[in-house]
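These are the residues of each chain, in order.
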Amino acid sequence: MRELQEVRKIDREATKFELKSFIPAMQAISAKDSRYRVSFVTFISKRPPTELFNEWSPDGFSQKTQEHVDFSLVNLRRIIKRADIEDGQREIQGKFIVFGNQKAGVWTALTSDDADFFNTGLVRFLELYRPEVSRVYASTDEMRKIFDILSQDLRTEVAVQKAVLYSHLEEGEVTFRKGLYRRLFAFAEAEDDYVDKVEFKLIGNRETLLHAFLARDATFYYYAGRAGLIFSKIVPLVVEVATRKGRLFSNRARPRGEAVLNPIQIEYEKDVLMSPGDNLRLVRALAKLDRGAVTVYHLNPYVHVSLVDFVDGSSFNIYSGESDKILIVPNFNCTVHSLMRIHEQINRDFQEGSLKESAPHDLTLEDFIGA
Amino acid sequence: MAPEQAAAAFRECRRNLIDSFTTYDQVVDIVSCWQALLSHGYPQELTYFDRYPELGPKVLTPDFSALFMRRYGIIFEVKRTFPRELVAIKKELAQLLSYDVSIPFKANSEGELVSPETHDIVLIISPDVSSQVSTKIRELIQGGDLHFDRNPIIVEYFFEGSGRVSSYVFRKFPGYNGSFRDLSLPHDRRLEIIMGEQAKPFRVSVSQFMPTKLKEVLCNDQPPPLYLAVYLWNNVFYNFLTTDQRDMWRQGYPTKILPINIELSALVAGLKRDYLPLARIRQAAVRESLSFLVEAALAEYLGEDRWRVGYSNRTMLLGTRRFGEPGEGEHDTIRESAGMLAERYCRTRLGAQADEAVVPRTKKGRQSTLEDQA
């Protein structure tokens, strides 16, 4: 991470630094190097991640952590051994910073080392701490709201440079090129696509304030412009999505020995489960969950499946008896990591809806008497 | 056995297993509907809803029963099919007749027993057979071959799923039928007034009965081995893994088969304590499910009610299950666990000759069995 050298130049005696001291360094480097990129990933972890890192390291990884004023600096090394690699192995090495809020249990890691280190090193490293560490996924609507706030608060226009969308129904990506973000999201809605990644510029007074990138898996990049906006705006907005979902997905397991259910409801603005084909599509979407297995109790006319996530043994009953709702009812094992994965699976391969806590409502005899 | 015969035997074996699974699940639905309806609809009047009744000195086990105001009871029997031959019909009716005696009902979860002043006997059946059953009962009663002191009442059930909200509908059969003698209930809340006089059905939507179903899971019938095996596989076995075994899956060997040692008494105690605290779990049912897993080559019997289960994430290897009406050209196939267990069971039981009993191949090769890990 080149910024470290810049930061050290400012105060050669200092041994501990503040996160904000990286902002001018990032800006300075980006002004000189058009290929510069700082990659961020926001994730959920109840425990401070460095506590986890220092407890154990996944196979092939080693790390050393250094504490600073408001962040930790992690030197990460990964050795990948594979027969199809020249010399049988390759090494990935780099540094990343991790900071966050222990109370919310939401953290952000960043690195300006290359994309290979970010994807194959840092992100993979974090993912191997599952289920204690959970990735975060934003829906298309949550992404749009982030851009709404950026646009309103900064009085800027969000100009999309390029965006990648996917259809819920068909294979293959859809590319959206140049346009205002409202057009992108209107396009997504019209085509019934979900937005996956957006490269954008914040433009105010005909000046580019920030050139950045945001993906639904809570990764985002800084390319150029006012780096402070990443920390003051983008990070808090992504953290807010993570905090909200983390809170909703926490403590959902059914207590053993008790007849207590803690369901989560996905609500849709339109009727998405009106035909046997819709039901089948939902079940097929769930059946595609990596390392998951479904059991179909009912397929028609109503859907009821049981789903096990073999990553951590979380299991769920998922059902729908109304055309605009899906209920996810966790069983005795349930992690934030698993709920996050399942919700994202439904969002991607079936349909995006809004999440709600499912509150039981009092029923009376009249509710059961039909005409 | 010729390959065609073996394939046919395999298909029949699989179909029977899946039928037992879906039939049982539908009874669980129906019981859950009535439990939700009576618990929420009659909170003041319902003394106790007994999901697992064992009534009287003869330990009669109807599908469920309900006691109202400590004075009126209903015994419910659910039949998805009903025979057409007289002898078989009489056998079914004999079961209903066995309930036609003064029986103490459970009045609370502590087991207090109360003999109501009267009770009726409700037969919940499909509209496909309700008319035929009604006619037969009338003939037998009028011919003097059948006599009930308590009223047998036919209630039809069907599922209505064409609208935005899917519901089970329960309707008192409008032809020859008995009456609810539920005079102890407030007049406008009497089942006889609502379902009989006003001819209104009860509708119980999926969202109304599902919480009850998910809490209870089982009903008074012994669950088929496949049904309980799926429950154990999905909800219970993971918790028998050691920390090291769990780490192995988490860290990158997601399909590795992990042995779990099970002792029947400990498993049953755990089910009663932690997983199905409201249900009546019979040891015999759990034993049968574990034996089913042995026949499916997913467990081995160690003797003295102990088993070793080869637990694994078989996502990549799941059997397909067909959905749709028989005879339709196209079936919707889904890779899912009940299908996987059924196929493995039938394949192992019938041997390798069955044409459809080919082990699905994956990128990692042939599906491994317990023996492969040794």
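Predicted model only: the values in this text are computed from it and were never measured.

### Overview of the overall build of chain B
- Looking only at helices and strands, one finds 11 helices and 16 strands in chain B.
- Relative to its 374 residues, chain B shows a buried fraction of 44%.
- Summarising the internal contacts of chain B: among those between residues at least 6 apart in sequence, 65% fall at separations of at least 24.

### Side note on the overall build of chain A
- A count of helices and strands for chain A gives nine helices and 17 strands.
- Relative to the globule expectation of 21 Å for 371 residues, the C-alpha radius of gyration of chain A, 22 Å, shows essentially globular dimensions.
- For the C-alpha atoms alone, the extent of chain A along its principal axes is close to 80 × 50 × 45 Å.
- The buried share of chain A, taken over its 371 residues, is 46%.
- When contacts within chain A are restricted to residue pairs at least 6 apart in sequence, those whose partners lie at least 24 apart make up 55%.

### Describing the sheet that holds strand E12 (residues 306–311) of chain B
Residues and elements named next belong to chain B.
- Across the sheet, three strands lie side by side as E10-E12-E11; this open sheet has antiparallel pairing. Single-partner strands in this sheet number two, and they are strand E10 (258–263) and strand E11 (299–303). For this sheet, the mean inter-axis angle between neighbouring strands, taken without regard to orientation, is 25°.
- With four bridges joining them, E11 and E12 adopt antiparallel strand pairing. Opposite alanine 299, over in E12, you have valine 309 as the bridge partner.
- Each of E10, E11 and E12 is contacted by helix H9 (residues 283–295), which is oriented at about 120° to E11, the strand it contacts most.

### A short note on the domain arrangement of chain A
Residues and elements named next belong to chain A.
- Taken as a whole, chain A is organised into domain 1 (2–135) and domain 2 (264–357).
- Domain 1 and domain 2 are separated by 34 Å when their C-alpha centres are compared.
- Listed as interface residues are five residues of domain 1 and, on the opposing side, seven residues of domain 2.
- Residue classes in the side of domain 1 that touches domain 2 are distributed as two nonpolar, one polar and two charged.

### Re the environment of alanine 338 of chain B
All names here are of chain B.
- Note on placement: alanine 338 falls in helix H10 (residues 337–350).
- Among the residues examined, alanine 338 registers 27 C-beta atoms within 10 Å and is labelled buried.
- Spatially, the C-alpha atoms of alanine 338 and phenylalanine 49 are 30 Å apart, while their sequence positions differ by 289 residues.

### Details of the packing of helix H1 (residues 3–41) of chain B against H10 of chain B
Residue and element names in this part refer to chain B.
- For the pair H1 and H10, the least separation of the axes is 9 Å and the interaxial angle reads 140°. Here H10 runs oblique to H1, going by the angle between their axes. Our pair here, H1 against H10, has a crossing hand that is right-handed. When H1 is examined against H10, the residues Ala6, Ala9, Phe10, Cys13, Arg14, Leu17, Ile18 and Phe21 are found in contact with a partner set consisting of Ala338, Ala342, Glu343, Tyr345, Cys346, Arg349 and Leu350.
- Taken together, the residues of the contact of H1 with H10 sort by class into 12 nonpolar, no polar and three charged.

### Comments concerning the nonpolar core
- Grouped together as the largest cluster of nonpolar side chains are 204 residues, with contacts concentrated most on Ala212 and Val283 of chain A together with Leu226 of chain B.
- For this core, the element with the most residues is H1 of chain B, which contributes 14 residues.
- Excluding its chain neighbours within four sequence positions, the residues that come into contact with alanine 212 of chain A are Phe200, Phe220, Tyr221, Tyr222, Tyr223, Ile230 and Ile234 of chain A.

### Concerning the sheet that holds strand E2 (residues 64–68) of chain B
Residues and elements named next belong to chain B.
- Taken in spatial order, the seven strands make up an open sheet running E1-E2-E3-E6-E7-E8-E9, and their pairing is mixed. In this open sheet, the two edge strands, each paired with only one partner strand, are strand E1 (46–50) and strand E9 (202–205). Averaged over all pairs of adjacent strands, the angle between their axes in this sheet comes to 20°, without regard to strand direction.
- Alignment of strand E3 (residues 72–79) against strand E6 (residues 118–125), held across eight bridges, turns out to be parallel. Across the sheet, isoleucine 74 pairs through a bridge with aspartate 120, a residue of E6.

### What about the packing of helix H1 (residues 2–10) of chain A against helix H2 (residues 22–32) of chain A?
Residue and element names in this part refer to chain A.
- Packing of H1 against H2 brings their axes to within 9 Å, and their N-to-C directions diverge by 120°. Between H1 and H2, the angle is such that the two are oblique. Crossing hand, H1 versus H2: right-handed. Packed against H1, whose contacting residues are Arg2, Glu3, Glu6 and Val7, the element H2 presents Phe22, Ala25, Met26, Ala28 and Ile29 at the interface.

### Structural notes on unusual backbone geometry
Residues and elements named next belong to chain A.
- Here the residue pair arginine 130 and proline 131 is connected by a cis peptide bond, since its omega of 0° sits within 30 degrees of zero.
- Along the chain, asparagine 300 connects to proline 301 via a cis peptide bond; the corresponding omega equals -5°.
- Note that proline 301 resides in the loop between strand E13 (292–298) and strand E14 (303–309).
- In the Ramachandran plot, aspartate 192 falls in the positive-phi region, its phi being about 55° despite a non-glycine side chain.
- Judged by local crowding, aspartate 192 falls into the exposed class, with 11 C-beta atoms found within 10 Å.

### Things to note about the interface of chain B and chain A
- Counting from both sides, the interface comprises 52 residues of chain B and, opposite them, 45 residues of chain A.
- Looking at the side of chain B that touches chain A element by element, the count peaks at seven residues for helix H5 (residues 206–216) of chain B.
- Per-class residue counts for the side of chain B that touches chain A are 24 nonpolar, 14 polar and 14 charged.

### A short note on helix H5 (residues 140–154) of chain A
Residues and elements named next belong to chain A.
- For H5, built from 15 residues, the straight-helix expectation of 21 Å at 1.5 Å per residue is met to within 8% by its first-to-last C-alpha distance of 21 Å.
- Along H5, the residues that are buried comprise Glu142, Met143, Arg144, Ile146, Phe147 and Leu150.
- The inward-facing, buried residues of H5 abut strand E7 (157–167), helix H6 (181–191), strand E9 (193–204), strand E10 (207–215) and helix H7 (227–249).
- Phi for arginine 155, located one or two positions after H5, is positive at around 50°.

### Observations regarding helix H6 (residues 225–236) of chain B
- Extensive coverage of H6 of chain B is indicated by the burial of 12 of its 12 residues.
- For H6 of chain B, the complete set of buried residues consists of Pro225, Leu226, Tyr227, Leu228, Ala229, Val230, Tyr231, Leu232, Trp233, Asn234, Asn235 and Val236 of chain B.

### Some remarks on the environment of tryptophan 56 of chain A
- Considering the arrangement of structural elements, one finds tryptophan 56 of chain A in the loop between helix H3 (49–55) and strand E2 (61–67).
- On the neighbour-count criterion, tryptophan 56 of chain A (10 C-beta atoms within 10 Å) is exposed.

### Details of the environment of serine 98 of chain B
- Considering the arrangement of structural elements, one finds serine 98 of chain B in helix H2 (residues 86–98).
- Distance from serine 98 of chain B to isoleucine 125 of chain B, taken between C-alpha atoms, is 18 Å for residues 27 residues apart in sequence.

### Some words on the confidence of the model for chain B
Residue and element names in this part refer to chain B.
- When pLDDT is averaged along chain B, the result is 87, and 88% of the positions lie at 70 or above.
- Across chain B, the element-wise mean pLDDT spans from 33 in strand E16 (residues 365–366) up to 98 in E2.
- Every residue in residues 325–330 is under pLDDT 50, and counting partners more than four places away or in other chains gives one contact.
- In the predicted structure, residues 355–374 sits below a pLDDT of 50 and forms 31 contacts with residues beyond four places in sequence or in another chain.
- Predicted complex metrics record ipTM = 0.89 and pTM = 0.91.

How each quantity is defined
Residues numbered from 1 in each chain as written. Chains lettered and ligands numbered in written order. Predicted model: local features only at pLDDT ≥ 70, side-chain atom pairs only at ≥ 80, totals over all residues. Helix = DSSP H or I, 4+ residues; strand = E, 2+ residues; numbered from the N terminus. Buried ≥ 20, exposed ≤ 12 C-beta atoms within 10 Å, placed from the backbone. Contact = placed C-beta atoms within 7 Å. Rg over C-alpha atoms; globule rule 2.2 N^0.38 Å. Pairing = 2+ DSSP bridges. Axes fitted to C-alpha atoms, helices over the stretch in contact; angles between N-to-C directions. Domains from an automatic or database assignment. Nonpolar A, V, L, I, M, F, W, Y, C, P; charged D, E, K, R; others polar. Parallel < 35°, antiparallel > 145°, perpendicular 65-115°, else oblique. Left-handed = near helix turned anticlockwise from the far one by under 90°. Core = buried A, V, L, I, M, F, W, Y, C linked by C-beta atoms within 7 Å. Expected span 1.5 Å × (residues − 1). pLDDT = per-residue confidence, 0-100.

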